[in-house]
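Structural overview
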Amino acid sequence: MANDEILKKLAALVAEGEEDDAVEAVKEALAAGIPPLTVLNEGASAGMDVVSAQYSAGEAFLPELVLAGDAMSAVIEIIFENMSSEDAAASKKGVVVLGQAKGDVHDIGKNVVSALLAVNGFEVVDLGIDVEVKTFIEKAKEVNADIIGVSTLLTTSLPYLQDTLQYIKDTGNRDKYHFIVGGGPVTPEFAQKMGADGWSRTAFDCVEMCKKLVAEGKPGQGETLLVDSEEVVA
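Summarised in this report is the structure supplied together with it. Once a new chain begins, its residue numbering starts again from 1 and follows that chain's sequence as written. This being a predicted model, a pLDDT of at least 70 is required before a residue's local features are given, and a value of 80 or more before pairs of side-chain atoms are given or counted; all residues contribute to the totals for chains, interfaces and linings. Side-chain calculation: all heavy atoms of the structure are included, whereas hydrogens and water are not.

1. Regarding the pattern of salt bridges
Where we set the bar: For this analysis, a salt bridge means a side-chain nitrogen from Lys or Arg found within 4 Å of a carboxyl oxygen belonging to Asp or Glu. Put simply, DSSP marks the helices as runs of H or I at least four residues long and the strands as runs of E at least two long, and each gets a number from the N terminus on. Exposure categories follow from relative accessible area, calculated using a 1.4 Å probe and restricted to protein chains: below 20% of the type maximum is buried, above 50% is exposed, and the middle band is partly exposed.
All chains considered together, the criterion is met by eight salt bridges. Residue E24 pairs with K27 through a salt bridge whose shortest N-O separation is 3.7 Å. On the criterion of helical spacing, the pair formed by E24 and K27 is a turn pair, its members being three residues apart in helix 2 (residues 19–31). Residue classification places E24 among the partly exposed residues on the basis of a relative accessible area of 46%. Note that K211 is salt-bridged to E208, the shortest N-O span being 3.8 Å. Of this pair, K211 and E208 both sit in helix 10 (residues 203–216), three residues apart, roughly one helical turn. On the basis of relative accessibility, which here comes to 27%, the residue K211 falls in the partly exposed class.

2. Re unusual backbone geometry
For D130, which is not glycine, the phi torsion reads 50° and is therefore positive. Considering the arrangement of structural elements, one finds D130 in the loop between strand 2 (122–126) and helix 7 (133–143). You will see that N144, though not glycine, has its phi angle at about 55°, which is positive. Structurally, the position occupied by N144 is in the loop between helix 7 and strand 3 (147–151). Accessibility expressed as a relative area gives 61% for N144, which makes it exposed.

3. What about the environment of L65?
Residue position: L65 is located in helix 4 (residues 62–81). Residues L65 and V51 lie 14 residues apart in sequence; the distance between their C-alpha atoms is 6.6 Å.

4. A few points about a negative patch on the surface
The criterion, for reference: Patch membership is restricted to residues that have no salt bridge and whose relative accessible area is over 30%. Joining uses 9 Å for like charges and 5 Å for the nonpolar side chains Val, Leu, Ile, Met, Phe, Trp and Tyr. Per-residue and other accessible areas were derived by the Shrake-Rupley procedure at a 1.4 Å probe size, with only the shown protein chains allowed to occlude residues. For the purpose of charge, His is not counted, nor are the chain termini; Lys and Arg are scored as positive and Asp and Glu as negative. Where a charge lies is defined by one atom per residue type: Lys uses NZ, Arg uses CZ, Asp uses CG and Glu uses CD.
A cluster of acidic residues, E16, E18, E19, D20, D21 and D70, forms a negative patch on the protein surface. A per-element tally of the negative patch places helix 2 first, with three residues. With respect to the secondary-structure elements, D70 resides in helix 4.

5. Some thoughts on the side chain of S200
Note the following rule: Whether two residues touch is decided by their heavy atoms; if any such pair falls within 4.5 Å, the residues are in contact.
Along the chain, S200 falls in strand 5 (residues 198–200). The contact partners of S200, leaving out residues within four places of it in the chain, are V181, D205, C206, M209 and V227.

6. Thoughts on helix 3 (residues 36–56)
Put simply, the test is: One less than the number of residues in a helix, times 1.5 Å, gives the span that helix is expected to have. To get the bend at any residue, fit one axis to the seven residues that end at it and another to the seven that begin at it, then take the angle between the two axes.
Between the first and last C-alpha of helix 3 there are 28 Å, a value that for 21 residues agrees with the 30 Å anticipated at 1.5 Å per step. At S45, helix 3 shows its largest bend, some 35°. Restricting attention to buried positions, one finds in helix 3 the residues P36, V39, L40, G43, A44, S45, G47, M48, V51 and S52. In this structure, the buried residues of helix 3 make contact with helix 1 (3–16), helix 2, helix 4, helix 6 (108–119) and helix 10. One or two residues past the end of helix 3 sits G58, with phi positive at roughly 80°.

7. Brief notes about the sheet that holds strand 1 (residues 94–100)
By definition, the strands of a sheet pair up through backbone hydrogen bonds, in either a parallel or an antiparallel sense. The test is simple: Two strands are said to pair when DSSP picks up at least two bridges between them. To obtain an axis, a line is fitted to C-alpha atoms, over the contacting stretch when the element is a helix, and the angle between two such axes runs from 0 to 180 degrees between their N-to-C directions.
The strand order 2-1-3-4-5-6 describes an open sheet built from six strands, whose pairing is parallel. Each edge of the sheet is formed by a strand with only one pairing partner; in this case those strands are strand 2 and strand 6 (225–227). Each strand of the sheet is rotated relative to its neighbour by a mean of 20°, with strand direction disregarded. Where strand 5 and strand 6 come together, three bridges link them in parallel fashion. Among the inter-strand pairings, S200 is bridged to a residue of strand 6, identified as V227. With respect to the sheet, helix 7 is in contact with strand 1, strand 2 and strand 3, its orientation differing from that of strand 1 by roughly 160°. Here helix 10 sits on the sheet and contacts strand 2, strand 3, strand 4 (178–182), strand 5 and strand 6; the angle it forms with strand 4, its principal contact strand, is near 165°.

8. Quick notes on helix 7
Using the following cut-off: This arc is taken over the directions from the axis of the helix to the C-beta atoms.
Turning to helix 7, its buried residues number three or more, namely V133, F136, I137 and A140. The arc that holds every buried residue of helix 7, seen down its axis, measures 85°, which confines them to one face. Residues of helix 7 that are buried in the fold lie against strand 1, strand 3 and helix 8 (158–170). Just downstream of helix 7, N144 is the residue with a positive phi angle, here 55°.

Function cannot be inferred from these measures alone, as they are strictly geometric.
Dropping the structure here:
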């Protein structure tokens, strides 16, 4: 099979959320001598771009996006293992630690954010659901993160967002990590009042927000960056 056909197959498998087959296609591409960076950009990422565009146009729905994100996460791991350190560093826009606030066990939205950040060049460390306040900063230190992101779909978990940011401050780490928040009950006003670095309405907005924050490089020193594709507010 020609290299371009292998890449097209990989893109289609990622878009369709066929995780196991996508992993095999990556291995096939690498065995054929296709550079890992090309496999990432012209294969896996191209597939994620397809399903993302379909989702934005209302032609695909959240379950399809989640499945594609799972496939993307699986293939990225293999691709990065085969990249040179120089290419891997060049491909990485930053490191993001994500998790659902303590008390919240809903994770579909977080999973979508994780997948979209990954396809856009971020290394994502997903802590999962019901995450203890201290765990965010502990993991951020361990992986040398750029951004800590906490989300919730429960109003009862909103105080834990504030507690997490306060703990970051109390441990003397406020200037080391951008702190972002999101989720249904998390309003722009709430994010501003608590002093978060960023808030976004959608998963796609979150990607743009993270890009801007990493480029800015000044955690805790400015106003809250609000990114809302439905209404430009920042």
